[in-house]
Each structure stands twice: as structure tokens, then as C-alpha cells.
Amino acid sequence: MPEPKHFKNYIGGQWVESATGERYENRNPANTDDLIGTFCKSDARDVDAAVAAAAEAFKTWRLVPAPERGLMIMKASQILARRKEEVSQMMTREMGKVIAETRGDTQEAIDCGYYAAGEGRRLFGKHTPVEMPNKFGVAIRRPVGVCGMITPWNFPIAIPSWKMFPALIAGNTCVIKPATLTPASVANFMEVFEEAGFPPGVVNMVTGGGSVVGKAMVEHPGINRISFTGSVEIGNLLGSQCATAGKPFSAELGGKNGQIVMDDANLELAVEGALWGAFGTTGQRCTATSRLILHEKIHDEFMGMLLDRAKKLTVGNGLDEKNQVGPTVSEDQMKTDLYYIDVAKNEDKSKLVFGGKRLTGGDYDKGYFVEPTIFTEVTPKMRLAQEEVFGPVLAVLKVSSFEEAIEVLNDTEFGLSSSIYTENVNLAFKAIRDIEAGITYVNGPTIGAEVHLPFGGVKGTGNGHREAGWTVLDFYTEWKSVYVEYSGKLQRAQIDNK
Ligand code: UN1
């Protein structure tokens, strides 16, 4: 096992201890003997210092031409690409997901940087004609100042990157609080910024608990935006605090994503999609497939195929290339998964057809492993069909028509991702039109969004903002409308031309 590292906060271009002097441990959920490192248990004083550094840096960073900011972001992405393997290995150790997937997570951050870098030569405003002669009108984007990011553990570097790179290209400075379970990945990200030569204070990291550090960020008058990805409960709490403080807040919360399989679907393809969507990342994606909605005509055949394939899944330490499913991220998450399995077992209608237990014995005893689990005969109102588990637990529902499939899919408080497998182009387009979600896949699983298309959801999943793509810039900039008179006289709009 590699030696544990002792990470500090990154504030104003320096690695500094927290004002509290306290630290906490970060251990591998696949093997708790493996200590990745210790991290600062910071408090509001550290947030203050980070905000002061970010505010100072903003004075000059906002004036750096955006194409130059883009070149620095490009450089950061290149450094991350060079360090990809090492960063991904540490991510698997701290978060658990299998190494092929942490490589994907790091790649998503690299891609985000490349995309944001290009935005340095766009950041489009809008020119429009005006109603008076010899007058010019244009809308431009301005940075908003210091932005706060509170990020989750399931995509330890991709999600920080898709919040920070767009904020930075727009001319803002950042204070990030990584998830307590996965701070090493964000510390690595800070090292990347440092090596790329970002001026001191442009990016800052403060580690520690949400109830202390996160709260201090939300309440800090020097932070102008909060971007949050995480649970519904915390998101709603932070949202109301931000509303009171008059602070724009971007929330990406839960999902209860469904995959529909119609009776005309390519079943092999749909089985592969369901396995990847439900058990990839141990089901710990906001976009994970947690409901499989099967047409009754193919239900039994499909389930036979799915169970055959599920039996072959290899579960274990994510650092071993042969494993396909890693541990759950923590003891708490494992308990939540087992709790929901128990709830579903006790609901009279559903039937446990695969998995359902904690994996024990040998190396499993050192970590938090849960078997990939499948319940059939689930009905739409059951808790397993309504509440987000965030684990490897798949609920299978049976429907008798396309219309019923869409109704069942939409029957949830969330609306992040969705999928339909069908060879019928008419049904595919109807699904695109009628599914209430921010993302719909046709003949692909519910996971696998790319960084240059808007990411986010409807209903309880979010609050209307979209991350990634060009849309995220609307969160990290304010529009300014500019009027320039070249008539040499006072022209009264709405009066002199009427
Ligand atoms: C998340 O689960 O919070 O589309 C993010 C995907 C990934 C991102 C997931 N690219 O599954």
C-alpha cells in the first residue's frame, strides 16, 4: 500500500494547515486498512481566508483576456492528462469505483478543460439592432466574482472540473469544498492548477465537513454563487439558505432514472445497457438506472438474459482490473443500500431475484461491499420505485404498452436521466417528447453524459440550472446590456421615435 499523504488546504497559492489544527482520515472503502491520507478539518476561519484570497485574485484575474485564461485551462488539462493514471489510482483508493471508471472520471475533467479553454475565444454575447438611429446595442457577459463549489464523492474530479473550469474561463475565482470522503482527488486537482501557473487565490480548496465548511461558504457574504451537487435533503437546505442570502444557487440533486425496454428492442443491447446503467459505479451515479421498465411481452425472456449476465459480474477492489463493480463508498452508504433492500423485501409485491446481501468473507470483510441486487414485480408507488438508493439496487417494473411505460417512467419526483430501447423510430421520438427528464438516451443506458451538452434535470432533480455545455455560463456570468450613442445628441427611446 502506498504511504499515506498528509494534505493541507490550498489557499492563496499556498498549502496551509487549518486554523483548527485538526485532521481527519480518508480510508479506502474496499480495504479500510489502506489509509490514503489525512485532511484538514477546517472551519469558518479557513473559509474566510480562502474567500479573502479569491476576492483579491479576482481583481486581476477578471482582466486577463479570456483567450489567455483559456490557454491556462488548456495547460491544466494537459497536466491532468499526463497525471491521469496516478490521479485515477488515488481516486479508486478513496472512492472505490473500479479503475476503468476512475480513468473515465479523470478523462471527463480533462475534456471539460479542453471545452472550457475553447470557450475563451467564444463566451458569446449578443448584438441586436436598436430602435434609435446612430446607436449601438449589445449584451455582454461579466464574471460574477468569487464562486463557491460544494462537490460530491461519486465523481471526485469530474464534477469539480465541470463547476470550476467554466467559472474560471468566465473570469471568476473559486473556493471549493470537496466531499469529505473524496478530498484527495480535489487536492490533486489543486496541484494541477498550481503546476499550470494559475495566479495565487484564483483557485482555493478548504476541506472539512459540510455542516461547518459548507455552511460557512453559503453564509459568507464574499461568495456570490454556490454550485452544489449532492443529496436532495442538503440541496434543499442550502437552497433555502442561499435564497435568504439572495445568492444564486445551482443544484443538481437526486435521480430515479428509468430505462424502458419495448417489445421490439434489441434485447442483447438493452441487457448490456441495463447492467452498465444499474451496476456501473456500484449504482452510485445521479444518472444510474435504478428502475427498469420492461414491456410484458419480453419481460421473462429479458430477465433470464439479465440474470445470466448479472451472475458473471465480478465484485471487488476497484484497483484490480478484472473487477467490474467496486465497493459502496462508505459504511453509511452500505447501510442505506441494505436498508432499502430490507424495505423492498418486506413490501409484499416485490420479489428479490438476485443478490440482496452484504458480501463477506476474505478481503470483502475489509470493505463495504454489497451484491448487485435485482427486485422484480416492483410497482410504481413502492418506495423502491420512488426513493433514490444510490447503490447497486435495481427495481424492475412490468408494463403493457408504450403509454404505460412513459407514465411509469414519469411517475417520480425526479427527472434527471432516462432511456428507451426500441427499434421503432416513432416511439423513440415520442419518448424524447414525452419523458420528463433533462437527459434522454435512445438505445443507450441512462449514464454516460458528455461534457459539452447541458447536464441537469427537471422536477426535484434541480432548480432549473444546467451544468456543462454552454448553458453553465449563464450561472457563472451576469448579462450586461450596453448602449452606445454615436448620434451626438440625446435620443429618448420610446418617445422621440414615436
Ligand atoms: C453524476 O452521477 O452525478 O453521465 C454525474 C454520467 C457521467 C456523469 C454523472 N458522465 O453518468
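Residues numbered from 1 in each chain as written. Predicted model: local features only at pLDDT ≥ 70, side-chain atom pairs only at ≥ 80, totals over all residues. Heavy atoms only, no water.

### Things to note about the sheet that holds strand β7 (residues 135–143)
Thought 1: If you trace the three strands from one edge of the open sheet to the other, you get β6-β7-β20, paired in antiparallel fashion. Sheet topology places β6 (126–128) and β20 (477–485) at the edges, where each strand pairs with a single neighbour. Strand-to-strand twist in this sheet, taken as the mean axis angle between neighbours without regard to direction, amounts to 20°.
Thought 2: The sheet contact formed by β7 and β20 spans nine bridges and is antiparallel. What sits directly across from Arg-141, in β20, is Trp-479. (Pairing = 2+ DSSP bridges. Helix = DSSP H or I, 4+ residues; strand = E, 2+ residues; numbered from the N terminus. Axes fitted to C-alpha atoms, helices over the stretch in contact; angles between N-to-C directions.)

### Side note on a nonpolar patch on the surface
Thought 1: Among the surface-exposed residues, Val-425, Phe-429, Ile-432 and Val-442 lie close enough to one another that they form a single nonpolar patch of about 370 Å² accessible area.
Thought 2: The greatest single-element share of the nonpolar patch, amounting to three residues, is contributed by helix α14 (residues 425–434). (Patch = residues over 30% accessible without salt bridge, like charges linked within 9 Å, V, L, I, M, F, W, Y side chains within 5 Å. Areas by Shrake-Rupley, 256 points an atom, 1.4 Å probe, with all protein chains shown as cover. Salt bridge = Lys/Arg side-chain N within 4 Å of Asp/Glu carboxyl O.)

### Some details on the domain arrangement of the protein chain
Thought 1: For the protein chain, the domain assignment lists domain 1 (5–253 + 462–481) and domain 2 (257–442).
Thought 2: Distance from the C-alpha centre of domain 1 to the C-alpha centre of domain 2: 31 Å.
Thought 3: Each partner contributes residues to the interface: domain 1 has 24 residues there, and domain 2 has 28 residues.
Thought 4: Put simply, domain 1 and domain 2 have three salt bridges between them. (Domains from an automatic or database assignment. Contact = heavy atoms within 4.5 Å.)

### Digging into helix α2 (residues 66–82)
Thought 1: A rise of 1.5 Å per residue sets the reference length of α2, with its 17 residues, at 24 Å; its end C-alpha atoms lie 24 Å apart and thus fit the reference within 8%.
Thought 2: Those residues of α2 that sit buried are Ala-66, Arg-69, Gly-70, Met-72, Ile-73, Ala-76, Ser-77, Ile-79 and Leu-80.
Thought 3: Each element contacted by the buried residues of α2 is listed here: α1 (44–61), α3 (84–95), α4 (99–119), α5 (158–169) and α6 (183–196). (Expected span 1.5 Å × (residues − 1). Buried < 20%, exposed > 50% of the residue type's maximum accessible area, 1.4 Å probe, protein only.)

### A word on the confidence of the model for the protein chain
Thought 1: Residues with a pLDDT of 70 or more make up 100% of the protein chain, whose mean pLDDT is 97.
Thought 2: Mean pLDDT across the elements of the protein chain bottoms out in strand β1 (residues 5–6) (92) and peaks in strand β10 (residues 203–205) (99). (pLDDT = per-residue confidence, 0-100.)

### Quick look at the pairing of strand β5 (residues 31–40)
Thought 1: Burial of β5 is extensive: eight of the 10 residues sit out of reach of the surface.
Thought 2: With two bridges joining them, β1 and β5 adopt parallel strand pairing. Within the sheet, the bridge partner assigned to His-6 lies in β5 and is Thr-38.
Thought 3: Pairing analysis gives six bridges linking strand β4 (residues 23–28) to β5, with the strands arranged antiparallel. Each residue of the ladder has a partner; that of Asn-28, found in β5, is Asn-31.
Thought 4: Hairpin connection from β4 to β5: two residues lie between these consecutive antiparallel strands.

### Remarks on the side chain of Gln-333
Thought 1: Mapped onto the secondary structure, Gln-333 falls in helix α11 (residues 331–346).
Thought 2: The exposure class assigned to Gln-333 is buried, which follows from its relative accessible area of 11%.
Thought 3: A distance of 3.0 Å separates a polar side-chain atom of Gln-333 from the backbone oxygen of Phe-390.
Thought 4: In this structure Gln-333 touches Trp-153, Gln-284, Thr-328, Val-389, Phe-390 and Gly-391, once residues within four positions along its chain are discounted. (Polar contact = N/O pair within 3.5 Å; in protein donor to acceptor, adjacent residues only side chain to side chain.)

### Quick notes on the nonpolar core
Thought 1: Ranked by size, the top nonpolar core spans 65 residues in total, and within it Met-164, Leu-168, Met-190, Phe-193 and Phe-198 carry the most contacts.
Thought 2: Looking at which domains feed residues into this core, each of domain 1 (5–253 + 462–481) and domain 2 (257–442) supplies at least three.
Thought 3: In contact with Phe-193, not counting residues within four places along its chain, are Met-164, Phe-165, Leu-168, Phe-198 and Val-203. (Core = buried A, V, L, I, M, F, W, Y, C linked by side-chain atoms within 4.5 Å.)

### Quick notes on the pairing of strand β11 (residues 225–229)
Thought 1: Of all five residues in β11, five are buried, a share of seventy percent or more.
Thought 2: In β11, alternate side chains face the same way, and those of Arg-225, Ser-227 and Thr-229 on one face and Ile-226 and Phe-228 on the other are all buried.
Thought 3: Pairing of strand β8 (residues 146–150) with β11, which is carried by four bridges, proceeds in the parallel orientation. Looking at the pairing, Ile-150 lines up with Phe-228 of β11.
Thought 4: Relative to strand β12 (residues 249–252), β11 runs parallel, the two being bridged by four bridges. If you follow Phe-228 over to β12, its bridge partner there is Ala-251.
Thought 5: A crossover links β11 with its parallel partner β12, the connecting element being helix α8 (residues 232–245), and its sense is right-handed. (Right-handed = clockwise from strand over helix to strand, strands pointing away.)

### Some words on the site of the ligand
Thought 1: Lining the immediate environment of the ligand, one finds 13 residues, of which Glu-108, Arg-285, Cys-286, Thr-287 and Ala-449 sit closest.
Thought 2: In the complex, the protein chains occlude 99% of the 320 Å² of accessible area that the ligand would expose alone.
Thought 3: In a pocket analysis with a 2 Å cut-off to the grid points, the ligand is assigned to the second largest pocket.
Thought 4: For the shell around the ligand, a count of residues per class yields seven nonpolar, three polar and three charged.
Thought 5: Composition of the shell around the ligand by domain shows at least three residues from each of domain 1 (5–253 + 462–481) and domain 2 (257–442). (Near = heavy atom within 4 Å. 1 Å grid on protein atoms, 1.4 Å probe; cavity = no way out; pocket = protein on both sides within 12 Å on 5 of 7 lines; lining within 4 Å. Sits in = over half its atoms within 2 Å of the grid points. Nonpolar A, V, L, I, M, F, W, Y, C, P; charged D, E, K, R; others polar.)

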